[in-house]
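This is what each chain is made of:
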Amino acid sequence: MSNTMNTSINTASVSRRSLTALLAGLSLVATGALAQSKYPEKPITLVVPYGAGTGTDALGRLLASAMPKLLGQPMIVDNKAGASAQIGTQVVTRSAPDGYTLLLGTDQVVCFNPVLFKSLPYNATRDLIPVAGLTLHPYVLAVASELPVRSVAELGVLAKAKPGSISFASTGVATSAHLTGELFKAEAKIEMTHVPYQSGSQLFPDLVANRVQLMFYPYQQLKPFLDSGKVRALATTTERRTAFLPNVPAMPELGFPRTVLGAWLSIYAPAGTPADRVATLTEAFKKAMEMPDVGGTLAPQGVLPSYRTPTELAAFGAAQ
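Residues numbered from 1 in each chain as written. Predicted model: local features only at pLDDT ≥ 70, side-chain atom pairs only at ≥ 80, totals over all residues. Heavy atoms only, no water.

### Some points on the side chain of T106
With respect to the element layout, T106 can be found in strand β3 (residues 101-106). Within the structure, the side chain of T106 is placed 2.8 Å from the side chain of Y50, a separation counted as a polar contact. Beyond its immediate chain neighbours, meaning those up to four positions away, T106 contacts Y50, T56, W264 and L265. (Helix = DSSP H or I, 4+ residues; strand = E, 2+ residues; numbered from the N terminus. Polar contact = N/O pair within 3.5 Å; in protein donor to acceptor, adjacent residues only side chain to side chain. Contact = heavy atoms within 4.5 Å.)

In structure tokens, the structure reads:
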């Protein structure tokens, strides 16, 4: 009888231990699910690898303004300019892959830098994962109003008459703006001096003052200077004329079919960021691009909305 009682007690004890363990396990599962559903629990940093006042910065701040409503947490724009976007990109690739540090990347980060630099502090394919494709930014060939030219043909004549005397600005070496200028130089068979800047706040005053004579830049940032007459638009780098500058010719119709280029902007996260957090971010950026006061404001500014899922963005980047 004693053995029977001991067996019953042991069995009951084991059953209680099993039940306790089961409940504890269920508790952990529930806690884990709750923790996942709470993401994000703190502000998210969006690293912009260019200076304040650039087109990339403007888009980053516009998107960030929508995130408290969409994610329940603020998104802080952190400008990390320099070294052809390498500094800001490296900050992101070396950050914790937890969904709290993102990169507003460009074609320079993914396409140009890996080809033009022998060594980089990051590997775009290995160290970054796509979150969302956002926009395309065609360029406008703008010249200082003091420059005595009113067409691309006149610009070519002036450049050939004074080789190397005309300078063109960009927001950095190997940016789309820089490479567009180089394409134009090659097609027009002219010499121009490239002057790289880190931000629009430095660039625009020099263009207005004719310290640099021209640049290829998005309409969004050029518009106030065009409207005020401080700079003049000669052409767009699109295949056809645009709705935002219908009276300005496209480069191909002027005999420059290769000078068709513009920046594209996308969101990336450090490799290893949990898939569920990437999915949350992807959906938030998609909704932001659909909002009338965010994505709906872009087209009139010369920015073409071009949302892509992570899979679509990865294929697009590889093709580019």
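Back to the text.
### Describing the environment of L254
By the secondary structure assignment, L254 is in the loop between β8 (231-236) and β9 (262-270). Under the relative-accessibility criterion, L254 is labelled partly exposed at 35%. Sequence separation of L254 and V152 is 102 residues, and the distance between their C-alpha atoms is 7.8 Å. With residues up to four places along the chain from it excluded, the contact list for L254 reads V152, L234, A235 and P249. (Buried < 20%, exposed > 50% of the residue type's maximum accessible area, 1.4 Å probe, protein only.)

### Section: the pairing of strand β7 (residues 214-218)
Of all five residues making up β7, five are buried, and the element is well covered by its neighbours. The sheet contact formed by strand β4 (residues 128-144) and β7 spans five bridges and is antiparallel. Following the sheet pairing, Y139 is matched in β7 by P218. As judged from the two bridges shared by strand β5 (residues 167-170) and β7, these two strands associate in the parallel manner. Paired with A169 across the bridge in β7 is M215. (Pairing = 2+ DSSP bridges.)

### Observations concerning the packing of helix α2 (residues 55-71) against helix α10 (residues 275-290)
At a minimum axis separation of 10 Å, α2 and α10 run at an interaxial angle of 120°. For α2 against α10, the interelement crossing comes out right-handed. For the pair α2 and α10, the contacting residues are L63, A66, M67, L70 and L71 in the first and T280, L281, A284, F285, K287, A288 and M289 in the second. Among the residues forming the contact of α2 with α10, the class breakdown is ten nonpolar, one polar and one charged. (Axes fitted to C-alpha atoms, helices over the stretch in contact; angles between N-to-C directions. Left-handed = near helix turned anticlockwise from the far one by under 90°. Nonpolar A, V, L, I, M, F, W, Y, C, P; charged D, E, K, R; others polar.)

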